[in-house]
Number of protein chains: 2
Amino acid sequence: MSQPTRERLLDAAQALLDDGGIEAVTLREVGSRAGVSHNAPYKHFASKEALLAAVAARELRQKAASFHGDRDQPAAERLRDSLHWAIARAVAHPNRFRLIYGRWPTDVAAELVRAAQEAELALIGLVAETQEAGALPAGAEPERLTAVLRAAVQGAAELAISGHLSLDGRARPEAVIDDLLTLLRGPE
Amino acid sequence: MSQPTRERLLDAAQALLDDGGIEAVTLREVGSRAGVSHNAPYKHFASKEALLAAVAARELRQKAASFHGDRDQPAAERLRDSLHWAIARAVAHPNRFRLIYGRWPTDVAAELVRAAQEAELALIGLVAETQEAGALPAGAEPERLTAVLRAAVQGAAELAISGHLSLDGRARPEAVIDDLLTLLRGPE
DNA sequence: ACCTGAACACCGTTCAAGT
DNA sequence: ACCTGAACACCGTTCAAGT
């Protein structure tokens, strides 16, 4: 109750999103759960879409903040942990994942990309370290190698969430990433 | 006009989806474009969701049908073409792509997975052929190698569509797949 | 500065009725 | 078998008004 209304609105929207998907997020229910009327959100957000964009941006910032890892661990392990963490997060909160990468007007999409930049740069650094440690091909540009890993993580997470990862539905998305890392490490 | 109403409803829904995203698909507009009333769709589909599921299934079947390729080409080229085609299709019709892999009740999701099985099996066969041709690691199980490639394709397409593929937005998703294929081919 | 209640246009769905 | 028009509950958004 001591939280400001804006934060309570964000929390309520996120909880509704997690529980019932995007169509469960109505301003009337958001307002009700935050203890205000159904149009009080308009005093804090320009529209329902702006409220959802704030939820998405908050999730992206939290993702970026978790990309530091133990400095004691080898780079290859930290990289693997980071990629696994991203997948676990997507599987744990699939509707947030869908929200972030869903359909947005261009200006909102640009803001979300900006919120993801910190995590992207941290990942590129981790990939470069792993290359130096000999656990990834040294010849490849870190940016391009990172793009390959990010695409695999994104796709494995989305296929797992939607049930398309394997025909029997038993394949685990983390195993796909482990296979990729093993294959990239090479035969030697 | 000679088309049955059911087909006209599907076409109208797909056109609205392509043009304005999922929120532009209203039964009133679908009916109007198909030349019927706003609730005539209920005589052909149980709900709006069932109509959208039929649009998604149709798109998936078309995807499967395009996975044969020229028998004259080497397997590695056919594989690369198939993966590029899947990405190009997603970029050309991003809202159909989002619809297919979006949030569905479990029974609908299962039906969509079934509609994608044919394409999945064809891809596994193509990967196995490419392994035999020496353009992919021979030691890996074709199913697991296919899962890696599918995840990368899915993720590269989604990141490209949402603008998250690269910070400057100039990276192309097809290049990510080419990089992956080159890396997997190995240093020899 | 922040909130409320009424109102408006729009939507998915149901239902009784029509051919 | 296929379709229509009215009706219902619900939604995002706007607006005048209140503290």
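Located above this text is the structure these notes cover.
Residues numbered from 1 in each chain as written. Chains lettered and ligands numbered in written order. Predicted model: local features only at pLDDT ≥ 70, side-chain atom pairs only at ≥ 80, totals over all residues. Heavy atoms only, no water.

With 42 residues of chain A in contact, the opposing surface of chain B contributes 42 residues. Summing the contributions of chain A and of chain B, the shared interface buries around 3600 Å²; its carbon and sulfur component is 64%. The largest contributions to the chain A side of the interface with chain B come from Arg103(A), His164(A) and Leu167(A), which together make up 20% of the buried area. Among the ionic pairs, Arg103(B) bridges to Glu23(A), the shortest N-O distance being 3.8 Å. Breaking the side of chain A that touches chain B down by element, the ones donating at least two residues are helix H5 (94-100), helix H6 (106-132), helix H7 (142-162) and helix H8 (173-185) of chain A. (Contact = heavy atoms within 4.5 Å. Buried area = accessible area lost by both parts, 1.4 Å probe. Salt bridge = Lys/Arg side-chain N within 4 Å of Asp/Glu carboxyl O. Helix = DSSP H or I, 4+ residues; strand = E, 2+ residues; numbered from the N terminus.)

Close to DNA strand C lie 18 residues, the nearest being Ser37(A), Asn39(A), His44(A), Arg28(B) and Tyr42(B). Taken together, the sugar and phosphate atoms account for 46% of what DNA strand C places within 4 Å of the protein. Take Tyr42(B): an N or O atom from its side chain is 2.6 Å from a phosphate oxygen of DNA strand C. Taken together, the residues of the surface near DNA strand C sort by class into 5 nonpolar, 9 polar and 4 charged. (Near = heavy atom within 4 Å. Polar contact = N/O pair within 3.5 Å; in protein donor to acceptor, adjacent residues only side chain to side chain. Nonpolar A, V, L, I, M, F, W, Y, C, P; charged D, E, K, R; others polar.)

The transformation that overlays chain A on chain B combines an axial shift of 0.0 Å with a rotation of 180 degrees, and the residual RMSD is 0.0 Å. The operation mapping one copy onto its partner corresponds to a two-fold rotation axis. A high fraction, 100%, of the interface residues of chain A reappear at the interface in chain B, so the copies pair face to face through one surface. (Least-squares fit on C-alpha atoms with pLDDT ≥ 70 in both.)

Next up on the list: the protein's contact with DNA strand D. In the vicinity of DNA strand D, 18 residues are found, and the nearest of them are Arg28(A), Tyr42(A), Ser37(B), Asn39(B) and His44(B). Backbone atoms, meaning sugar and phosphate, form 44% of the atoms of DNA strand D found within 4 Å of the protein. Side-chain polar atom of Tyr42(A) to a phosphate oxygen of DNA strand D: 2.6 Å apart, as the coordinates give it. Contact distances for DNA strand D include 2.4 Å between a phosphate oxygen and a backbone N or O atom of Ser37(B). Across the surface near DNA strand D, the residue classes break down as 5 nonpolar, 9 polar and 4 charged.

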